[in-house]
Amino acid sequence: EIAPLVERKAVSGYFSAMPRGFRAEREFDMTSSFFTSGFVLIVQKDSPKQSLEECVNMNIGYTQATATYLHSIPKSGIHSSWREYLYETVYAALDDLMKGRLDGVVVDSLDVKTLSLGYYKSSLRPLYPPIFVREIRLVAPKNLDSKIFIDHVEKGLQDLEVRGVPKQLLDYWELFSLTSV
C-alpha cells in the first residue's frame, strides 16, 4: 500500500493509472501520461470487422483479469449488445475464437504482442479504439514541493521523448503504447 508512504513523506510520488479529472487534479500534481495501456478486442485476422464500432451483437470471451474493467464500463453503446462468456484462461477463449465459437476476445493491450506470436502468429489482430484505457503517470499529493518535483519529471520525460527513448523501451520489451495506435 503506497498511501501510508506518501502520507509519511517517505516517497515523493508514485506511478499510477489515476485518470485526470477535477477531484484528482485538485488533490494531486501529476505528469502527463507517458504510457497508455488498456483492453482491446482481438478478432481473427480475416474478420470483416475493422473497428470496435462495428462490433455489435457479437459473442465475446473474456477472463477474470479483464472482467473488473469490462464490467465497470456502463452497459451502453456497442458492448451492451455483446453476449459475454467468462473463460478461465485467455488461451481457452482464443481457442474458441479460432474455432469460430466466439467473434472476439477481450485482452490486455500488454499481451497483444505476445499473443500475436507463436501459435497465433498471422491469426489474430486487435481492433481499435480500445475498450478501456489506463494512462500511467507519476502523481504526488499537491503541495509546493510536489509541483516542482512533477515539473522536473515532466521536463525529463519530454527530453526522453525527443530522444526516442520511450519507443526504444517499448520495442525492447515488445510492447506498444495505445497512444501510438
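What you are looking at is a predicted structure, and each value in this text was computed from that prediction instead of being measured.

Participant: What exactly am I supposed to notice about the side chain of Arg-125 here?
Facilitator: Its location among the elements puts Arg-125 in strand S7 (residues 124-141). Looking at Arg-125, its side chain comes within polar contact range of the main-chain oxygen of Lys-45, at 3.0 Å. A distance of 2.5 Å separates a polar side-chain atom of Arg-125 from the backbone oxygen of Ser-47.

Participant: What exactly am I supposed to notice about unusual backbone geometry here?
Facilitator: Keep in mind that most residues, glycine aside, have a negative phi and that most peptide bonds are trans. Cis rather than trans, the peptide bond between Tyr-128 and Pro-129 has omega equal to 5°. Position of Pro-129 relative to the elements: it lies in strand S7. In this structure, Asn-57 takes a positive phi of about 50° despite not being glycine. Structurally, Asn-57 is set in the loop between strand S3 (35-44) and strand S4 (59-63). You will see that Ser-122, though not glycine, has its phi angle at about 65°, which is positive. Topologically, Ser-122 is positioned in the loop between helix H5 (109-115) and S7.

Participant: Explain the pairing of S7 here, please?
Facilitator: Taken residue by residue, a regular strand's side chains alternate between the two faces of the sheet. Looking at chain direction, strand S1 (residues 14-16) and S7 are connected through three bridges and run antiparallel. What sits directly across from Tyr-14, in S7, is Val-139. Of the pairings in the sheet, the one linking strand S2 (residues 28-30) to S7 comprises three bridges and is antiparallel in character. Within the sheet, the bridge partner assigned to Met-30 lies in S7 and is Val-139.

Participant: Help me out: how do you make sense of the environment of Pro-126 in this one?
Facilitator: By secondary structure assignment, the location of Pro-126 is in strand S7. Setting aside anything within four residues of it in sequence, one finds Pro-126 in contact with Val-40, Leu-41, Ile-42 and Val-112.

Participant: Where do I start with the packing of aromatic side chains in this structure?
Facilitator: The geometry of two aromatic rings is summed up by the distance between their centres and the angle between their planes. The tally for this structure, following the rule as stated, stands at three aromatic pairs. Note on Phe-15 and Phe-34: the rings are 5.5 Å apart at their centroids and 80° apart in plane angle, and the pair reads as edge-to-face. Here Phe-15 is found in strand S1, whereas its partner Phe-34 is found in the loop between S2 and S3, with 19 residues between them in sequence. Among the residues examined, Phe-34 registers a relative accessible area of 33% and is labelled partly exposed. Ring geometry for Phe-39 against Phe-132: centres 6.4 Å apart, planes inclined by 45°, an arrangement best described as tilted. With Phe-39 in strand S3 and Phe-132 in strand S7, this pair connects stretches of sequence that are 93 residues apart. Taking the relative accessible area as the measure of exposure, Phe-39 reaches 3% and is therefore buried. Taking relative accessible area as the criterion, Phe-132 reaches 22% and is therefore assigned partly exposed.

Thresholds, definitions, all that
Residues numbered from 1 in each chain as written. Predicted model: local features only at pLDDT ≥ 70, side-chain atom pairs only at ≥ 80, totals over all residues. Heavy atoms only, no water. Helix = DSSP H or I, 4+ residues; strand = E, 2+ residues; numbered from the N terminus. Polar contact = N/O pair within 3.5 Å; in protein donor to acceptor, adjacent residues only side chain to side chain. Pairing = 2+ DSSP bridges. Contact = heavy atoms within 4.5 Å. Phe/Tyr/Trp six-rings, centres within 6.5 Å; stacked < 30°, edge-to-face > 60°. Buried < 20%, exposed > 50% of the residue type's maximum accessible area, 1.4 Å probe, protein only.

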